[in-house]
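Residues per chain, in single letters:
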Amino acid sequence: MGSPLEHTLTDAVLARIEGNADPRFRQIMTSLIRHLHAFVRETELTEAEWFAGIQFLTATGQKCDDKRQEYILLSDTLGVSMLVDAINHRKPGSATETTVLGPFYVPGSKHLPMWADIAAGLPGVPAYVHGRVLDVDGKPIVGAELDVWQNDAEGFYDVQRPGASYARGKFTTDAEGRFGFRTIRPVSYPIPTDGPVGKMLLGMGRHPYRPAHVHTKVSAPGYEPIITHLFVQGDPYLGSDAVFGVKDSLVVEFVAHSAGPTPDGGNSTVPFHTAQYDFRLVKMR
Ligand code: BEZ
Ligand code: FE
């Protein structure tokens, strides 16, 4: 038998929310308090465990700066980011599915011409990524913008290397809705593990890897913008992405070719890969 407070405290806390509080804020805080209290009751949290939790959240905040967002990493690894994404992007079956933005997006990338090489000078397997941006009925969208970013052959994004800038750019679809760019084949990589989220993953016996992917933000006037990835077919981490971001419809074959003609009309003296994908956007409601 616990003290009466153990049974009455949740209602007492909820009763303190002002009657004139914003209704949505009231709804969110009521649910949060109920679930937090239920979690403490279910686990019968010890004082030491409660304090370890406080220390974990403190360390998570202390790890954040203008380049590192450890709370987003926490949300991603607990599946919360993908749940929020799923609830907020319920789309018709033919629309391209969405996935996490991740912490390595940088706004303001340069606009580049069709077939520009976003990975010029980087070691790696050359790859040509191309396709179309269509509406859900298959009609080409002219002037759609693709903002793309990816990692290097060692698994790092430019922002993870002080002063570096590479493997990102913006492309615009042509009169037939086509886009194309040159890059290197992305590789699977571990999300940052040098902070509290890394320790949490280790404690749960989870690996930190994401399957290889190219990030894309696709937008066009009059259409709902999407944030998504193209995942590399055959990657060993497709079934166990550390942030639960994989959707089958986003897995693309990177086809290996011997040296020879390339999709941009050129000729490669070394073997290369090609990947083809059509994005489908939904009209703005
Ligand atoms: C990424 O794909 O860049 C990413 C997504 C979530 C967490 C860490 C990295
Ligand atoms: Fe990524």
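Residues numbered from 1 in each chain as written. Chains lettered and ligands numbered in written order. Predicted model: local features only at pLDDT ≥ 70, side-chain atom pairs only at ≥ 80, totals over all residues. Heavy atoms only, no water.

Novice: I'm lost on the site of ligand 1 in this one. Help?
Specialist: In the vicinity of ligand 1, the contacting residues are L73, D76, G102, P103, F104, Y157, Y189, I191, R210, H213, H215 and V243. One nitrogen or oxygen atom from the side chain of R210 is found 2.5 Å from an oxygen atom belonging to ligand 1. At a separation of 3.0 Å, an oxygen atom of ligand 1 approaches a polar side-chain atom of H213. About the coverage of ligand 1: the protein hides 100% of its 260 Å² of free accessible area. Judged by its atoms lying within 2 Å of the grid points, ligand 1 is housed in the largest cavity. Of all the elements in the fold, those that place two or more residues in the shell around ligand 1 are α4 (70-77) and β7 (213-219). (Near = heavy atom within 4 Å. Polar contact = N/O pair within 3.5 Å; in protein donor to acceptor, adjacent residues only side chain to side chain. Areas by Shrake-Rupley, 256 points an atom, 1.4 Å probe, with all protein chains shown as cover. 1 Å grid on protein atoms, 1.4 Å probe; cavity = no way out; pocket = protein on both sides within 12 Å on 5 of 7 lines; lining within 4 Å. Sits in = over half its atoms within 2 Å of the grid points. Helix = DSSP H or I, 4+ residues; strand = E, 2+ residues; numbered from the N terminus.)

Novice: Please clarify how the pattern of salt bridges should be interpreted in this entry.
Specialist: When the charged atoms of two side chains lie near each other, side chains of opposite charge can form a pair. If you walk through the whole model with that rule in mind, you get 13 salt bridges. The salt bridge partner of D241 is R210, with a shortest N-O separation of 2.7 Å. Here D241 is found in the loop between β8 (226-232) and β9 (251-252), whereas its partner R210 is found in strand β6 (residues 209-210), with 31 residues between them in sequence. Here D241 and R210 have matching classes, each one buried. R285 is the salt-bridge partner of E224, the closest N and O atoms lying 3.2 Å from each other. With E224 in the loop between β7 and β8 and R285 in the segment after β14 (279-281), this residue pair connects regions lying 61 residues apart in the sequence. Given a relative accessible area of 15%, E224 falls into the buried group. Judged by its relative accessible area of 83%, R285 is exposed. Salt bridges linked by common partners bring K63, R68, E70 and D194 together as one network. (Salt bridge = Lys/Arg side-chain N within 4 Å of Asp/Glu carboxyl O. Buried < 20%, exposed > 50% of the residue type's maximum accessible area, 1.4 Å probe, protein only.)

Novice: Would you mind going over the nonpolar core with me for this structure?
Specialist: Among the nonpolar cores identified, the biggest contains 29 residues, and V133, L146, F181, F279 and L281 are the most heavily contacted of them. Those elements that provide at least two residues to this core are β1 (126-135), β2 (145-149), β4 (178-184), β7, β8 and β14. If one sorts the elements of this core by residue count, β8 sits on top with four residues. Residues within four places of V133 in sequence aside, it is in contact with K139, P140, I141, A144, L146, T173, G177, F179, V218, F279 and L281. Within the second largest apolar cluster, 10 residues are counted, among which are L74, I191, V197 and M200. (Core = buried A, V, L, I, M, F, W, Y, C linked by side-chain atoms within 4.5 Å. Contact = heavy atoms within 4.5 Å.)

Novice: I tried to follow a nonpolar patch on the surface on my own but got confused; where do I start?
Specialist: On the surface, L32, L36, F39 and V40 cluster together to form a nonpolar patch covering roughly 350 Å² of accessible area. The residue F39 is located in helix α2 (residues 23-43) in this model. (Patch = residues over 30% accessible without salt bridge, like charges linked within 9 Å, V, L, I, M, F, W, Y side chains within 5 Å.)

Novice: Would you take a moment to explain the domain arrangement of the chain for this structure?
Specialist: Many authors give the size of an interface as the accessible area that is lost as the parts come together. By the assigned domains, the chain splits into domain 1 (5-44) and domain 2 (80-281). Spacing between the C-alpha centres of domain 1 and domain 2 amounts to 41 Å. (Domains from an automatic or database assignment.)

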